[in-house]
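These are the residues of each chain, in order.
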Amino acid sequence: MNLTLYVWRQKNADDKGRMETYAAKNISTHMSFLEMLDVVNEDLIEQGIEPIAFDHDCREGICGMCSLVVNGRPHGPEKATTICQLHMRHFKEGDKIYIEPWRAKAFAVVKDLVVDRSALDRIMAAGGFVSVNTGGVPDGNSIPISKVDADTAMDAAACIGCGACVASCKNASAMLFVAAKVSQFASLPQGKVEASRRVRAMIDQMDVEGFGNCTNFQECEAACPKEISIKFIAKMNREYLKSSVAPSKG
Amino acid sequence: MKLDSKVPSGPLPDKWTKHKFESKLVNPANKRKYSAIVVGSGLAGASAAATLAELGYVVSCFCFQDSPRRAHSIAAQGGINGAKNYQNDGDSVYRLFYDTIKGGDFRGREANTYRLAEVSVNIIDQCVAQGVPFARDYGGLLDNRSFGGAQVSRTFYARGQTGQQLLLGAYSALSRQIGLGTVEMHTRTEMLDLVVVDGRTRGIVVRDLITGKISSHAADAVLLATGGYGNVFYLSTNAKACNVTAAYRAYKKGALFANPCYTQIHPTCIPVAGDYQSKLTLMSESLRNDGRIWVPKKVGDNRAAADIPEAERDYYLERKYPSFGNLAPRDISSRSAKEVCDEGRGVGETKVGVYLDFADAINRLGKNVITERYGNLFDMYERITGEDPYTVPMRIYPASHYTMGGLWVDYNLESTIPGLFVLGEANFSDHGANRLGASALMQGLADGYFVIPYTLGDFYARSKQSGITTDHEAFKKAEQEAIDRQEKFLSINGKRSVDSFHRELGKVMWDYCGMGRNEAGLKKALEMIPPIREEFWQNVKVLGNGDELNQSLEKAGRVADFLEFAEIMCHDALDREESCGAHFREEYQTEEGEAKRNDKKYTYVAAWEYNGVGVKPNLHKEELEFENVELATRSYK
Ligand SMILES: Cc1cc2nc3c(=O)[nH]c(=O)nc-3n(C[C@H](O)[C@H](O)[C@H](O)COP(=O)(O)OP(=O)(O)OC[C@H]3O[C@@H](n4cnc5c(N)ncnc54)[C@H](O)[C@@H]3O)c2cc1C
Ligand code: SF4
Ligand code: FES
């Protein structure tokens, strides 16, 4: 099939950027969305036009590197699917496809569709861990953990750190991302010890980075390729409240 | 050059304890006087960087992704082995050691493999303490499964995302140190060269992928944890950016490359659909527990699977290996699939694929049970292929997956260049000629959390600081070379994209140095590679500039190195006139078509020394000594 792409091109962080129109020709329905872009890029190279820069690595929906807004939706139209896992059979002959980068105050555009998400790493460095050094830890089975808690922790831990939640939010809030990490640890005995300190440190850093507040639009949950539930935001809010009641603990 | 493995003397189970005791220690107050560069933030790199920083060393860590959390380790699905014997089913450190040595077809180093099994139990404890949400049973204890044909249940897992969860554990430990200011993290930064002065490693030259700036970093030791080179085949289950550059650059600076021809081909991947294919997706091996593999008996049978009657189907694994059937090891299953496709009995549009059929299992167990066991895998398959595996059999085909070969290291994980250590998939050390499922994650974390902290301390204590800064002319020279090379790529302005060369190389490697190899084919590959490389340097087209994000330029550097490295792989495969593990030389097989080892001649590690581009490298041999296990023939009949 043949498609028309409208793609955000921006030479670097200082450039204003603009949409460019490209034809995607002879696209097979078996291709993934990124393979379609590969084909377009090969075409551009042939014409002497610099290929479109976009982030990607695993192409299996797990590394969190790919980050495209397709037709206004982070990761495109399919539910629970990263853009690298979206296949072209979901499009039809003649479709017009708009491709843009994540847009958020905290995610500056680096080039074309590539943005800087290092703010998420800094939130993690502020508190997204259990403070144990290597060695000297108890046996893995010394503390039984109920299956329910372990499963809840895993549900939260499935976050791939892609930032689609931020890109989809009117306030560009990173609440879902932070809540996922806070909830994972708060569900486990190993993480409970310093739960108070963690939630405060991570939320403080989130504010420093310029992410907005959560006003309950729930767009994040709808955009999240890993279906991280907004119930974790409620859980984080409880953790935060607890930490202000008993801030000294942990 | 005499290769000294530095394996400690004494009984196998005592070696590591003894070695740790005999290692020199660095006084706590002096630790901050020693620095380490860690290249890579996968399981091996992140665990090493975090642990060394905890100990008090000055650490800087590099990765080319935008965050350390995105290293390729994130993609591992199945699980991680640990000899905990929590299931009381007869597992032990010794059994894990033995299975790993045997699985590697007796081409691994006993002492390293034993140590790996020994520290495997600590890894599980460490990960639990970090908050890794491993699967648990209703009693709240850790759950295990049997993986890749193992006879005991020793694999720990976190749904189908074990690699992700382990990496996030290591990444959180690393993040903690970054937050404390003890690790300086450089993301989107690619190592382009290693700097060696007076025979000792002094640092690296890197390119900032955003600004294009090329700069130097000096340290008392450099640790490469840069992953495997499976993308030499272009198509593989690896992430797109996985590459050989860091290891290859070290090789060019004098580190020996060991067993490059040991590359693992995974039997259950989704087949190639078209020329545009950019990567291959692994379908978990666990599917073979219930799926039956078959092709039509007749050559060129174009009927749909459902229209082929039972009597006209060939369940070739069940036929050839009645006792293991569909669970035959990775190398054997992969080769058998190739065989039937070569005979013209493959299935699907391209005829390069075989069926993995769940019809019987669904009849026997009900669709619900199958959904419970494999629901997410079936969804993934359908998402990619558009076919419903509940009603139409899956199509699978082998793909490049893991590389057992890597830089040669001794028992301390130190390469032949003093001060250069190699961890994780990037080294050759623990898996022999074939790796067992769930053992790569284990090795990455063993190296990073539990081995290098000891052996690096000993190195520092013995060798003192490097004393050479980035002002040294060797750094300036290496920087200039990197700049010149980049300018060269940008100025060629030819007609073909970087990817087109990578594809071309990949096809040659897959055809002649892939699942089955023979003398004529390998010689042909060695004739075909140089002209591709020459054309690359004359006709590649890299647009854009060097002083900004330029993904074509990044790829050009990586592909240029693959184009040289591929030849070493072929030389190694040619030299090894036997079949062992994943290395199958068609000339050396039994009458039934099984791999035939030659223990008299080839019980060695082949370590290759750089000798110039396009020139056959020099072979150095590390003879393997088996003091504890008896060399047996693998049989899965
Ligand atoms: C699909 C798939 C599934 C798998 N499943 C399993 C499993 O279930 N169990 C198991 O045990 N194993 C599994 N494996 C194998 C296992 O995942 C890998 O072998 C292992 O994770 C490698 O870890 P590593 O730390 O050595 O390297 P990687 O995780 O590959 O990390 C490499 C790091 O080096 C960096 N790097 C590389 N080159 C440079 C450079 N030049 N400059 C700067 N940085 C550089 C990268 O940025 C990255 O941070 C699987 C592999 C694949 C492909
Ligand atoms: S919560 Fe979902 S959308 Fe947000 S970073 Fe995690 S995986 Fe991405
Ligand atoms: S490329 Fe890894 S999640 Fe999309």
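Residues numbered from 1 in each chain as written. Chains lettered and ligands numbered in written order. Predicted model: local features only at pLDDT ≥ 70, side-chain atom pairs only at ≥ 80, totals over all residues. Heavy atoms only, no water.

To continue, consider the overall build of chain B. A tally of helices and strands in chain B yields 16 helices and 19 strands. What you see for chain B is a C-alpha radius of gyration of 24 Å, in line with the 26 Å of a compact globule of 637 residues. The proportion of buried residues among the 637 residues of chain B is 65%. Contacts in chain B between residues at least 24 apart in sequence constitute 73% of all its contacts with a sequence separation of at least 6. (Helix = DSSP H or I, 4+ residues; strand = E, 2+ residues; numbered from the N terminus. Rg over C-alpha atoms; globule rule 2.2 N^0.38 Å. Buried < 20%, exposed > 50% of the residue type's maximum accessible area, 1.4 Å probe, protein only. Contact = heavy atoms within 4.5 Å.)

Helix and strand content of chain A: nine helices and seven strands. Per-residue burial for chain A yields a buried fraction of 60% across its 250 residues. Counting only contacts in chain A whose residues sit at least 6 apart along the sequence, the fraction spanning at least 24 positions is 70%. Within the structure as shown, chain A displays about 9800 Å² of accessible surface, and the carbon and sulfur contribution to it stands at 52%. Of the charged side chains in chain A, 29 are positive and 31 negative, and the gap between their average positions amounts to 6 Å. (Areas by Shrake-Rupley, 256 points an atom, 1.4 Å probe, with all protein chains shown as cover. Lys, Arg positive; Asp, Glu negative; His and termini not counted. Charge placed at Lys NZ, Arg CZ, Asp CG, Glu CD.)

Looking now at the packing of aromatic side chains. Residues and elements named next belong to chain B. If you walk through the whole model with that rule in mind, you get 35 aromatic pairs over all chains. Here the aromatic rings of phenylalanine 257 and phenylalanine 565 are separated by 5.0 Å at their centres, their planes lie at 50°, and the arrangement is tilted. With phenylalanine 257 in strand β10 (residues 257-258) and phenylalanine 565 in helix α15 (residues 551-575), the pair connects residues that are 308 residues apart, well separated along the chain. Neither phenylalanine 257 nor phenylalanine 565 differs from the other in exposure class; each is buried. For the pair phenylalanine 489 and tryptophan 537, a centre-to-centre distance of 5.0 Å together with 20° between the ring planes defines the contact as stacked. Placement of phenylalanine 489 in helix α12 (residues 473-492) and of tryptophan 537 in helix α14 (residues 519-539) is noted, with a sequence separation of 48 residues between them. The buried category is assigned to phenylalanine 489, whose relative accessible area is 2%. (Phe/Tyr/Trp six-rings, centres within 6.5 Å; stacked < 30°, edge-to-face > 60°.)

What follows covers the domain arrangement of chain B. All names here are of chain B. According to the domain assignment, chain B consists of domain 1 (266-400) and domain 2 (477-603). For domain 1 and domain 2, the distance between their C-alpha centres works out to 29 Å. Contact with domain 1, which involves 13 residues of that partner, is made by nine residues of domain 2. Around 820 Å² of area is buried between domain 1 and domain 2 when both sides are counted, 53% of it from carbon and sulfur atoms. Taken as a group, Asp331, Arg335 and Lys338 account for 53% of the area that domain 1 buries against domain 2, more than any other trio of residues on that side. (Domains from an automatic or database assignment. Buried area = accessible area lost by both parts, 1.4 Å probe.)

Moving on, we get to the pattern of salt bridges. The tally for this structure, following the rule as stated, stands at 68 salt bridges over all chains. Each of the salt bridges in this network shares a partner with another, and the network as a whole consists of Asp105, Arg107, Arg576, Glu578, Arg597 and Asp599 of chain B. (Salt bridge = Lys/Arg side-chain N within 4 Å of Asp/Glu carboxyl O.)

Further remarks concern the domain arrangement of chain A. It is common to give the size of an interface as the accessible area that goes away when the parts come together. All names here are of chain A. Domain boundaries assigned for chain A yield domain 1 (3-111) and domain 2 (118-245). Between the C-alpha centres of domain 1 and domain 2 the distance comes to 29 Å. Residue-level contacts link 16 residues of domain 1 with 19 residues of domain 2. It is Pro74, Ala106 and Phe107 in domain 1 that bury the most area against domain 2; as a group they hold 32% of the surface buried on that side.

Let us look at the interface of chain A and chain B. At the junction of the two partners, chain A supplies 75 residues and chain B supplies 74 residues. A per-residue breakdown of the area chain A buries against chain B is headed by Asp57, Thr134 and Met154 of chain A, which together make up 11% of the total. The closest approach of N and O atoms between aspartate 155 of chain A and arginine 159 of chain B, which form a salt bridge, is 2.9 Å. For the pair chain A and chain B, the number of links is 47 residue pairs in polar contact (both at pLDDT 80 or more). For the side of chain A that touches chain B, the secondary structure elements donating two or more residues are α1 (33-46), β6 (109-111), β7 (114-115), α2 (118-127), α3 (147-157) and α5 (175-186) of chain A. Of all the elements, α3 of chain A adds the most residues to the side of chain A that touches chain B, at seven residues. (Polar contact = N/O pair within 3.5 Å; in protein donor to acceptor, adjacent residues only side chain to side chain.)

Residue and element names in this part refer to chain B. Across five bridges, the pairing between strand β7 (residues 200-208) and strand β8 (residues 214-218) is antiparallel. Residue valine 205 lies in a different strand from β8, and its bridge partner there is serine 216. Taking the residues between adjacent antiparallel strands as the criterion, β7 and β8 are bridged by five residues, where glycine 212 takes a positive phi near 80°. (Pairing = 2+ DSSP bridges.)

On to the sheet that holds β7 of chain B, then. Residues and elements named next belong to chain B. Pairing within the open sheet is antiparallel, and its three strands lie in the order β6-β7-β8. Either end of the sheet is taken by a strand with one partner, and the two such strands are β6 (189-197) and β8. Strand-to-strand twist of the sheet, defined as the mean angle between neighbouring strand axes without regard to direction, takes the value 30°. (Axes fitted to C-alpha atoms, helices over the stretch in contact; angles between N-to-C directions.)

Right, let's talk about the sheet that holds strand β18 (residues 604-609) of chain B for a bit. All names here are of chain B. As summarised here, the arrangement of the four strands in space is β16-β10-β18-β19, forming an open sheet in which the pairing is antiparallel. The open sheet is flanked by β16 (406-407) and β19 (618-623), the only strands paired with a single partner. Against the sheet, α15 makes contact with β10, β18 and β19, and its axis sits at roughly 145° relative to β18, the strand it touches most.

Before going further, it helps to examine the site of ligand 2. Residue and element names in this part refer to chain A. Every residue near ligand 2 is listed here: Cys159, Ile160, Gly161, Cys162, Gly163, Ala164, Cys165, Leu176, Phe177, Cys224, Pro225 and Ile228. Listing elements by their share of the shell around ligand 2, those giving two or more residues are α4 (164-168) and α5. Each residue belonging to the shell around ligand 2 can be placed in one class, and the counts come to ten nonpolar, two polar and no charged. (Near = heavy atom within 4 Å. Nonpolar A, V, L, I, M, F, W, Y, C, P; charged D, E, K, R; others polar.)

Residues and elements named next belong to chain B. Close to ligand 1 lie 37 residues, the nearest being Gln65, Ser73, Met191, Glu425 and Leu441. Contacts to ligand 1 include glycine 79, whose backbone N or O atom sits 3.0 Å from a nitrogen atom. Between ligand 1 and the protein, one listed contact pairs an oxygen atom with a side-chain N or O atom of glutamate 425 at 2.6 Å. Coverage of ligand 1 by the protein amounts to 97% of the 1000 Å² it exposes when considered alone. Contributions of two or more residues to the shell around ligand 1 are made by α2 (43-55), β6, β15 (394-403) and α11 (440-463).

Turning next to unusual backbone geometry. Working note: non-glycine residues mostly have negative phi, and peptide bonds are mostly trans. Residue and element names in this part refer to chain B. Even without being a glycine, tyrosine 234 presents a positive backbone phi close to 60°. With respect to the helices and strands, tyrosine 234 occurs in the loop between β9 (221-224) and α6 (245-252). Classification of tyrosine 234 by relative accessible area gives buried; the value is 7%. If you check the backbone angles, asparagine 493 has positive phi at about 50° while not being a glycine. Looking at the secondary structure, you find asparagine 493 in the loop between α12 and α13 (498-513).

All names here are of chain B. A bend of about 55° at valine 451 is the largest found in α11, and the proline proline 453 appears one to four places after it. Buried residues dominate α11, accounting for 20 of its 24 residues. One or two positions beyond α11, positive phi appears at lysine 464, with a value near 65°. (Bend = angle between axes of the 7 residues up to and from the residue.)

By the element assignment, aspartate 55 of chain A lies in the loop between α1 and β3 (68-70). When its relative accessible area of 3% is taken as the criterion, aspartate 55 of chain A is described as buried. Separated by 2.8 Å, the side chains of aspartate 55 of chain A and arginine 188 of chain B make a polar contact.

Right, let's talk about the environment of arginine 533 of chain B for a bit. Residues and elements named next belong to chain B. Tracing the backbone through its elements, the reader meets arginine 533 in helix α14. Taking C-alpha positions, arginine 533 is 9.7 Å from aspartate 561, a pair spaced 28 residues apart along the chain. Excluding anything up to four places from it in sequence, arginine 533 contacts Leu563, Glu564, Glu567, Val613 and Gly614.

Okay, the side chain of arginine 69 of chain B next. Mapping arginine 69 of chain B onto the fold places it in the loop between β2 (58-62) and β3 (80-81). Of the buried charged residues, arginine 69 of chain B lacks a salt bridge, with aspartate 121 of chain A as the closest side chain of opposite charge at 5.8 Å. A polar side-chain atom of arginine 69 of chain B sits 3.1 Å from the main-chain carbonyl oxygen of cysteine 159 of chain A. Excluding residues that lie within four positions of it along the chain, arginine 69 of chain B makes contacts with Cys159, Ile160, Gly161 and Phe177 of chain A together with Ile74, Leu167, Leu168 and Tyr171 of chain B.

Our focus in this paragraph is the packing of α13 of chain B against α14 of chain B. Residues and elements named next belong to chain B. The interhelical angle for the contact between α13 and α14, taken along N-to-C directions, is 175°, at an axis separation of 9 Å. With respect to α14, the axis of α13 lies roughly antiparallel. In this structure, α13 contributes Val498, Phe501, Glu504, Leu505, Val508, Met509, Tyr512 and Cys513 to the contact, and α14 contributes Gly521, Leu522, Lys524, Ala525, Met528, Ile529, Ile532, Glu535, Phe536 and Asn539. (Parallel < 35°, antiparallel > 145°, perpendicular 65-115°, else oblique.)

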